[in-house]
Amino acid sequence: MENVIINNVSLQIKNKLIKSSDWFKDLEEIRIRVGKALIIKKGKNEYYITDKGLTTNIKDGYSCTKKDINQTLDIMTKRSYYAVEEDIKKGFLTLAGGHRVGITGKVIIENGKIKGIKEIMSMNIRISREVKGCSNKVMPYIFSKEMGHTLIISSPGCGKTTLLRDLIKNISNRGVTVGVVDERSEISASHNGEMQIDLGSRTDVLENCPKSLGMMMLLRSMSPNVIAVDEIGSEEDIKSINMLLNAGVKILATVHSKNIDDVKNKKIMKELISNKTFDKYIVLTNARKVGQVEGVYDKNLKKMWGE
C-alpha cells in the first residue's frame, strides 16, 4: 500500500517522502496544491515535509509546483488522460488499493453538463485502509437471525466507509446476498475491474452508477437480500429506498451528519426517520480515534450501546 502511493507522485515529492521514515504511519491524506506547502494529514494533525522529514512548521515545508501536479497526473493516468476522462469529470481518480484522488481545476461545461476538468490546480490523495473486524463490535446489535435496516451516521473523516465495507463482508459471509452500489468506486476499491477490498463471498458490486438507479438495477437483476450504499441524500435516493422497502430488501446505508439530532433535522431524512424506516442507527465520531462508535440506537432513537 505504501509503494502504491509513493510510486504515484512526482519525483520531487517521492524523493522527499522517501527521506521521511514515518510519513506513511497513520496517514490519511496528502494534499498537493500549486504554489502551496505539501500537506500530510494524520488524524487531526497536519504536517509539512522537508528534505529531513516531517515538520509542523509550514515555513520549512516543500512548496508544490505545477510540474508536481502534471507529473503526478501523468503517472496516475499512465499518460493516458482520456482513458480516465469519465472519472476525472466527477472530480476523482481511483488508484490500486482503492486510494481516492480528488482533483480540482478549471471545469469545462458543455450543454449544461461537465465535460471535463483541465488546468489541474490541486490534488487530494485519500488513503484507503481496510480495518478487518472493525464491525464485529456492532454486529450483535444489527444482525441476530437476520439483518435489520441500518443507517450509519458520520461526519467526514470518522471512518464510515471503512465500517460499511467490513459490515458488508460480515453480513455476506453469514450467508446473505448483498448488492453494493459503488457510485465512486470507493467501497469495493475497484481498479481495472478487480475489487481491491474483500467484501465477502456473496457480494455483487455495481460500480460507477448513481445510487438511485443502481439500487433498482440490483433489485431487478441480482435478487439481493441486502443493498448497501454510501452517502444517501437526494430525493431520488429516498424514492429508491422506499421501493426497496416495498420489495422486502434490507437497507444498509450511510449519511453525512454530526449526530442523531443533526440527521433528524435534515429535510431529506425526516420522512425515513419519522416512519421508523431504520431498525438501527450507528453513530460514529473521531473524538478519541477514527471509527469510534459514539452509539448504536434503535428505531426509537434510544441508545443501546456506545464506546
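Just so it is clear, the model here is predicted, and its values are computed rather than measured.

A.B. asks: Any chance you could explain the overall build of the chain here in plain terms?
C.D. replies: The number of helices and strands found in the chain is 10 helices and 15 strands. Taken over C-alpha atoms, the radius of gyration comes to 20 Å for the chain, in line with the 19 Å a tight globule of 307 residues would show. In terms of principal-axis extent, the alpha carbons of the chain reach across some 55 × 45 × 35 Å. Buried positions account for 48% of the 307 residues belonging to the chain. As presented, the chain carries roughly 15,200 Å² of accessible surface, and 47% of it is formed by carbon and sulfur atoms.

A.B. asks: Honestly, unusual backbone geometry in this entry has me stumped. Any pointers?
C.D. replies: One non-glycine residue, asparagine 208, lies in the positive phi region at around 60 degrees. Within the secondary structure, asparagine 208 sits in the loop between strand E10 (203-207) and helix H7 (211-221). For asparagine 208, a relative accessible area of 35% gives the class partly exposed. Here leucine 301, not a glycine, exhibits a phi torsion of approximately 65 degrees, which is positive. Its place among the elements puts leucine 301 in the loop between strand E14 (292-298) and strand E15 (303-305). Residue classification places leucine 301 among the partly exposed residues on the basis of a relative accessible area of 23%.

A.B. asks: What's the story with the sheet that holds strand E12 (residues 250-256) in this structure? I'm lost.
C.D. replies: Strands sit in the order E10-E9-E11-E12-E8-E13-E14-E15 across an open sheet of eight strands; the sheet is mixed. Every other strand in the sheet has two partners, leaving E10 and E15 as the edge strands with one partner each. Across this sheet, the average inter-strand angle for adjacent strands is 20 degrees, counted without regard to direction. Bridge analysis of strand E9 (residues 178-182) against E10 gives five bridges, and the strand direction is parallel. Bridged to valine 181 within E10 is leucine 206.

A.B. asks: What is the right way to look at the packing of H7 against helix H8 (residues 235-247) in this model?
C.D. replies: For any two helices packed against each other, the geometry is given by the interaxial angle and the distance between the axes. Two elements in contact, H7 and H8, have axes separated by 8 Å at closest approach and are oriented at 20 degrees. The pairing of H7 with H8 is recorded here as roughly parallel in orientation. Taken as a pair, H7 and H8 cross one another with a handedness that is left-handed. Residues Lys211, Ser212, Met215, Met216 and Leu219 of H7 lie in contact with H8, whose contacting residues are Glu236, Asp237, Ser240, Ile241, Met243, Leu244 and Ala247. In the contact of H7 with H8, the residues fall into seven nonpolar, two polar and three charged.

A.B. asks: Would you mind going over the layout of surface pockets with me for this structure?
C.D. replies: Summary: where empty space remains is shown by rolling a probe the size of a single water molecule over the atoms. Counted as a void, the largest pocket has a volume near 980 Å³. The wall of the largest pocket is formed by 38 residues, among which Glu28, Gly157, Gly159, Thr162 and Val290 lie closest to the centre. Within the residue set of the lining of the largest pocket, elements represented by two or more residues are strand E2 (39-42), strand E7 (113-126) and helix H6 (160-172). Across the lining of the largest pocket, the residue classes tally to 10 nonpolar, 13 polar and 15 charged.

A.B. asks: How do you make sense of helix H3 (residues 66-76) when you look at a structure like this?
C.D. replies: In an α-helix there are 3.6 residues to a turn, and that puts residues three or four apart on one side. Turning to H3, its buried residues are Asp68, Ile69, Thr72, Leu73 and Met76. Down the axis of H3, the buried side of the element spans an arc of 125 degrees, and every buried residue falls inside it. Two residues or fewer past H3, lysine 78 is found with a positive phi of approximately 55 degrees.

A.B. asks: Can you walk me through the nonpolar core in this structure?
C.D. replies: A general tendency of soluble globular proteins is for nonpolar side chains to be buried together. Membership of the largest hydrophobic core comes to 28 residues, with the highest contact counts inside it found for Leu17, Trp23, Ile30, Ile32, Leu38, Met123 and Ile125. Contributing elements (two or more residues each) for this core: helix H1 (2-6), helix H2 (11-18), strand E1 (29-33), H3, strand E6 (100-110) and E7. Per-element accounting of this core gives the leading share, four residues, to E7. Non-local contacts of isoleucine 32, meaning those with residues more than four positions away in its chain, are made with Ile13, Leu38, Cys64, Ile69, Thr72, Met121, Ser122, Met123 and Ile125.

A.B. asks: Teacher, can you tell me more about the pairing of E9 here?
C.D. replies: A large share of E9 lies buried, amounting to five of its five residues. Burial along E9 is two-sided: Val178, Val180 and Asp182 facing one way and Gly179 and Val181 facing the other are all buried. Direction of pairing for E9 relative to strand E11 (residues 226-229): parallel, over a ladder of four bridges. The partner of glycine 179 across the bridge, within E11, is isoleucine 227.

A.B. asks: Hey, could you run me through empty space enclosed by the protein in this one?
C.D. replies: Overall, the coordinates contain two cavities of 30 Å³ or more when judged by the stated rule. Around the largest cavity sit Val181, Asp182, Glu183, Arg184, Glu186, Ile187, Lys211 and Asp230, which together line it. Across the lining of the largest cavity, the residue classes break down as two nonpolar, no polar and six charged. Roughly 40 Å³ of internal volume is contained in the second largest cavity. Lining the second largest cavity, in full, are Glu130, Val131, Cys134, Thr162, Arg165, Asp166, Lys169, Ile197 and Asp198.

What counts, and where the lines are drawn
Residues numbered from 1 in each chain as written. Predicted model: local features only at pLDDT ≥ 70, side-chain atom pairs only at ≥ 80, totals over all residues. Heavy atoms only, no water. Helix = DSSP H or I, 4+ residues; strand = E, 2+ residues; numbered from the N terminus. Rg over C-alpha atoms; globule rule 2.2 N^0.38 Å. Buried < 20%, exposed > 50% of the residue type's maximum accessible area, 1.4 Å probe, protein only. Areas by Shrake-Rupley, 256 points an atom, 1.4 Å probe, with all protein chains shown as cover. Pairing = 2+ DSSP bridges. Axes fitted to C-alpha atoms, helices over the stretch in contact; angles between N-to-C directions. Parallel < 35°, antiparallel > 145°, perpendicular 65-115°, else oblique. Left-handed = near helix turned anticlockwise from the far one by under 90°. Contact = heavy atoms within 4.5 Å. Nonpolar A, V, L, I, M, F, W, Y, C, P; charged D, E, K, R; others polar. 1 Å grid on protein atoms, 1.4 Å probe; cavity = no way out; pocket = protein on both sides within 12 Å on 5 of 7 lines; lining within 4 Å. Points joined across faces, edges and corners; volume = space filled by probe spheres on them. Arc of directions from axis to C-beta. Core = buried A, V, L, I, M, F, W, Y, C linked by side-chain atoms within 4.5 Å.

By themselves, these figures tell us nothing about what the structure is for.
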